[in-house]
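Summary of the model geometry
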Amino acid sequence: MSTGEPLIVLEAVNKWFGPLHVLHDVSLSVGKGEVVVVIGPSGSGKSTLCRTINRLEPIDSGTITFDGRPLPAEGKALARLRSEVGMVFQSFNLFAHKTILENVTLGPVKVRKEKPAAARERALALLDRVGIANQAEKYPAQLSGGQQQRAAIARALAMQPKALLFDEPTSALDPEMVGEVLDVMTSLAREGMTMVVVTHEMGFARHAANRVIFMADGQLVEDAPPAEFFANPRSERARDFLSKILTH
Amino acid sequence: MRIKRVAALAVAAALSVGLAACGGDSDEGTGAGSKSFAAGSTMEKLNKAQKIKIGTKFDQPGFGLKGLSGKPEGFDVEIAKIIVKELGIPEDKIEWVETPSKVREDSIVNGTVDLVAATYTINDKRKERIAFAGPYYEAGQNIMVRKDDSSITGPDSFKDGTKKVCSVVGSTPLEEIKKHVKDVATQVVPFDTYDKCRDALKQGQVDAVTTDNVILLGYIAKDEASFKMAGDNFTKEPYGIGVKKEDAAFRTFINDTLEKAFADGSWKKAWDNTAGKFGATLGNPPTVNRY
Amino acid sequence: MNVLIDRFDVFAGGFWLTFQICLLAAIGALILGAVVAVLRISPVPPLRAVGTAYVTVFRNMPLTVVMFFAAFGLPALGSNADFLRIPLLDQVFSRLGADLPYFRFALIALVLYTAAFVCEALRSGVNAVPPGQAEAARSLGLTFGQNLRHVVLPQSWKASVVPLGSVIIAMIKNSALVGFFGVAGDLSQSADQLTSAEGYAFIPVAIGISIGYLIMTVPLGALLDRLEKRQAVAR
């Protein structure tokens, strides 16, 4: 799927939360159309890494470029960049006071200044695509977790982003709903969407990812194709991590 | 036992007589039973109790101002002392109670104080709830202006609606000046203290301060370079002693006492030592109004 | 209790003036308070500092001091607060346009003081909105202003209504101070006029004044309760 042309490039990125060094000289390049899955024990910095890419978390040193441009400082330019990078959160974060349809059309109408009718038409198509067209007029609280997360994906897709960031998208879901969300993500991966996915779903990593990144203690420890990583992890820490999650 | 107790009482009585005798001139003739009053009268009760509660102001220079001594000083206070002396009670048995304008009637009606001497203007409205002895002084409302201002000559100078005048919230002078202005909303400036009025006058925010002449004289005495009086008193504010409405005997007693003080010079002496220092003239004693 | 009937004009006049100053001050404080709240939550550090400084100063100073600065500081600086002589508005609220500036000074003091509390009430509402809401809006590319307008404020409103109501009710009661700073004839001053200067008994007058304030505060409280309930139902 990957064209090899880099879309997201991190170089020597460092970040501290007070005394805690959460990102330690992280360098990473994600090509257009590539699907990169980030795994690692909790507290390893993988969520923070994901959130630095659209600058929800500012970094202390290093550079991040998106589509050839360095991330701008807070302001209009950053807002424009963020509109090109979709993000899906662990806790969905659908706007609680708006209907599902309004959630999906808000960005296109307010940020892209699309005509409401056109935005609505595309939103309904996206909701249909993620399988919840019949929920369009409901409020988020009326939907199940799986439905909410699919709505959140539709909301991100409505901006026609160049890349999608997933921050543990299935961690807050009941087990029976994980599948429906992963199905949507898998189909997006197949269609060539550039994706950075922080997850514990090893199945998804195994068959949908182009590369698996393993992080521990704020460092990028391994970077390998999934088949190679799962069959033959090079580092002790990765082996240890895999043994813990795969025995269950 | 009985004999011992009687003896002890006799010693105590002798001691107290001795102490009273040592009190000097001002306490002459004080002590329980030192004067004879009609049985059951307020005077008799106070004389027997040998203490009295008097309401006065603690913030009125020249009349009732509590200073460093911790006790109020001023003309009202001196007048009250003359009455207390006549009751046969020593000065140091007076309990001074602060009675700002707002609480004077209620303090008398509720019995919080036995009498009020607090720049207390006699008027009919107040007579509905309490009674007045006196007057012992005739004050009057006047107007203070900036020294260089000759455009204000009296209350009628406010009629054209341009001059602004300041006084204190809830005071009679404030209500009085409202009758002389064209538009209360744009001409009358109330503050909580006369000090603020004075500052506003000095700054030029208002053109005049109005209240009783004695208060204004106090301010002029302190800053003659800035302020002056504009014309004569335009109201008569007879200051009286407030007592319970139904207590006619006490009122008569105070009236008699005041007349005696007018005659024997103690009234003038009280004035000269207090408000008189501000340069205000006292004039002749007012006529006591025995209504 | 005759005073309530005999001097009804004094109570009514006082009520009307207090009502005017409270209405104007409430509008002013809500607007200024919202601006300060936006400063305090803005992503730009210097603006945040300005907002925080504002709240620190005006929330911690006694209102009498603020009133004093307005009544004596502004004239010392040569200002008569003429910018508040707003055309049309001064037709309804005649003292706004009057030559005598104390109504405007008192209004400025009440607005400055109350805005600090309005800001904090609004901010507590904003803080009650889960941070993920604003994050989701940011990641969609909404600007700070759009984020506030479309996502955060509509949701914070519900949590702000009750504290805001308390702030405005406190302001109505605080307005009793204006009479001591050059504004003639507000509701509290009516009490002083009737008791001190005219010699009416204190209790009936106090009852009359209390009724005046309750007429303003009780319906406001009821209105806020209803607003809150309606918002709750809408969820």
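The rules behind the values
- Residues numbered from 1 in each chain as written.
- Chains lettered and ligands numbered in written order.
- Predicted model: local features only at pLDDT ≥ 70, side-chain atom pairs only at ≥ 80, totals over all residues.
- Heavy atoms only, no water.
- Buried < 20%, exposed > 50% of the residue type's maximum accessible area, 1.4 Å probe, protein only.
- Helix = DSSP H or I, 4+ residues; strand = E, 2+ residues; numbered from the N terminus.
- Pairing = 2+ DSSP bridges.
- Axes fitted to C-alpha atoms, helices over the stretch in contact; angles between N-to-C directions.
- Parallel < 35°, antiparallel > 145°, perpendicular 65-115°, else oblique.
- Left-handed = near helix turned anticlockwise from the far one by under 90°.
- Contact = heavy atoms within 4.5 Å.
- Buried area = accessible area lost by both parts, 1.4 Å probe.
- Salt bridge = Lys/Arg side-chain N within 4 Å of Asp/Glu carboxyl O.
- Domains from an automatic or database assignment.
- Polar contact = N/O pair within 3.5 Å; in protein donor to acceptor, adjacent residues only side chain to side chain.
- Nonpolar A, V, L, I, M, F, W, Y, C, P; charged D, E, K, R; others polar.
- Phe/Tyr/Trp six-rings, centres within 6.5 Å; stacked < 30°, edge-to-face > 60°.
- Lys NZ or Arg CZ within 6 Å of the ring centre and 35° of its normal.
- Expected span 1.5 Å × (residues − 1).
- Core = buried A, V, L, I, M, F, W, Y, C linked by side-chain atoms within 4.5 Å.
- UniProt positions renumbered as here; feature names shortened; annotations may be inferred.

1. Things to note about the pairing of strand 3 (residues 35-39) of chain A
All names here are of chain A.
- Taken across its five residues, strand 3 has five buried, putting it largely inside the fold.
- In strand 3, alternate side chains face the same way, and those of V35, V37 and I39 on one face and V36 and V38 on the other are all buried.
- Bridge count between strand 3 and strand 8 (residues 194-198): four bridges; the pairing is parallel. Note on strand 8: the bridge partner recorded for V37 is V197.
- As judged from the four bridges shared by strand 3 and strand 9 (residues 211-216), these two strands associate in the parallel manner.

2. Considering the packing of helix 3 (residues 75-86) of chain B against helix 10 (residues 248-264) of chain B
Residues and elements named next belong to chain B.
- Packing of helix 3 against helix 10 leaves a shortest axis separation of 10 Å and a crossing angle of 110°. Considered as vectors, helix 3 and helix 10 are oriented roughly perpendicular to each other. At the point where helix 3 passes helix 10, the crossing takes the right-handed sense. Between helix 3 and helix 10, the residues in contact are I79, I82, I83 and E86 and F253, I254, T257, L258, K260 and A261, respectively.

3. Some remarks on the interface of chain C and chain A
- The interface is formed by 18 residues belonging to chain C together with 25 residues belonging to chain A.
- Carbon and sulfur atoms make up 61% of the surface buried where chain C meets chain A, a total of about 1800 Å² over both sides.
- For chain C, the biggest contributors to the area lost against chain A are R138, S139 and L140 of chain C; these three give 33% of the whole.
- On the surface where chain C and chain A come into contact, there are one salt bridge.

4. Considerations on the domain arrangement of chain A
Residue and element names in this part refer to chain A.
- Taken domain by domain, chain A consists of domain 1 (6-84 + 162-246) and domain 2 (96-160).
- Centre-to-centre, using C-alpha coordinates, domain 1 lies 25 Å away from domain 2.
- In total, domain 1 and domain 2 occlude about 1100 Å² of area from one another, counting both sides; carbon and sulfur atoms represent 66% of this.
- By the criterion of area lost to domain 2, the three top residues of domain 1 are S83, E180 and V184, representing 38% of everything that side buries.
- For the pair domain 1 and domain 2, the interface holds two salt bridges.
- In this structure, the salt-bridge partner of E191 is R129, at a minimum N-O distance of 2.9 Å.
- Applying the counting rule to domain 1 against domain 2 returns five residue pairs in polar contact (both at pLDDT 80 or more).
- Every element with two or more residues in the side of domain 1 that touches domain 2 is listed here: strand 7 (163-167) and helix 6 (175-190).
- Per-element tally for the side of domain 1 that touches domain 2: the top contributor is helix 6, with seven residues.
- Residues belonging to the side of domain 1 that touches domain 2 are distributed by class as follows: ten nonpolar, two polar and four charged.

5. Side note on the packing of aromatic side chains
- Scanning the model with the defined rule gives 24 aromatic pairs over all chains in all.
- Where F75 of chain B meets Y136 of chain B, the ring centres are 5.9 Å apart and the plane angle is 50°; that geometry is what we call tilted. A residue pair is termed long-range when its members are at least 10 positions apart, and F75 of chain B in helix 3 and Y136 of chain B in strand 7 (residues 130-139) qualify at 61 residues.
- When its relative accessible area of 0% is taken as the criterion, Y136 of chain B is described as buried.
- On the basis of an interplanar angle of 50° and a centroid distance of 5.2 Å, the ring pair of Y113 of chain C and F117 of chain C is categorised as tilted. One end of the pair is Y113 of chain C and the other is F117 of chain C, both in helix 6 (residues 102-128) and four residues apart, which spans about a single turn.
- Classification of Y113 of chain C by relative accessible area gives buried; the value is 14%.
- By the ring-pair criterion, three or more aromatic residues cluster together here, those being F63, F75, Y136, Y137, Y239 and W271 of chain B.
- One cation-aromatic arrangement involves R206 of chain A over F230 of chain A; the distance from NZ or CZ to the ring centre is 4.7 Å.
- We note R251 of chain B situated over the ring of Y291 of chain B; from NZ or CZ to the ring centre the distance is 4.2 Å.

6. Side note on the sheet that holds strand 6 (residues 85-88) of chain A
Residues and elements named next belong to chain A.
- Strand order in the open sheet formed by six strands is 6-7-8-3-9-10, with mixed pairing between adjacent strands. For this open sheet the edge positions go to strand 6 and strand 10 (219-224), each flanked by a neighbour on one side alone. Across this sheet, the average inter-strand angle for adjacent strands is 15°, counted without regard to direction.

7. Points about the arrangement of the chains
- By number of contacts, the leading pair among the two pairs of chains in contact is chains B and C.
- Nothing in chain A touches chain B; the tightest C-alpha to C-alpha distance between them is still 48 Å.

8. As for helix 10 of chain B
All names here are of chain B.
- With 17 residues, helix 10 extends 24 Å between its outermost C-alpha atoms, agreeing within 8% with the 24 Å of an ideal straight helix rising 1.5 Å per residue.
- Buried residues of helix 10: F250, R251, F253, I254, N255, T257, L258, A261 and F262, and no others.
- Of the surrounding elements, those touching the buried residues of helix 10 are helix 2 (42-49), helix 3, strand 6 (115-116), strand 7, strand 13 (237-244) and helix 11 (266-273).
- Within two residues after helix 10, G265 carries a phi angle of roughly 90°, on the positive side.

9. Quick look at the nonpolar core
- Within the largest apolar cluster, 119 residues are counted, with the highest numbers of intra-cluster contacts made by F75, Y136, Y137, I241 and I254 of chain B together with Y102 of chain C.
- When residues in this core are grouped by element, the largest group, 16 residues, is from helix 6 of chain C.
- Taken domain by domain, this core gets at least three of its residues from each of domain 1 (26-138 + 239-278) and domain 2 (141-229) of chain B.
- Not counting the four nearest positions on each side in its chain, Y137 of chain B is found in contact with F63, F75, N213, V214, E237, P238, Y239, W271, L282 and P286 of chain B.

10. Structural notes on the UniProt feature "domain: ABC transmembrane type-1" (unreviewed entry) in chain C
- Using the residue numbers shown here, the UniProt feature "domain: ABC transmembrane type-1" (unreviewed entry) corresponds to residues 15-224 of chain C.
- Taken end to end, residues 15-224 of chain C comprises 78% helix and 0% strand; its first and last C-alpha atoms sit 22 Å apart.

11. Section: the UniProt feature "domain: ABC transporter" (unreviewed entry) in chain A
- With numbering matched to this structure, UniProt assigns "domain: ABC transporter" (unreviewed entry) to residues 8-242 of chain A.
- Span residues 8-242 of chain A is 38% helix and 26% strand, its end C-alpha atoms 27 Å apart.

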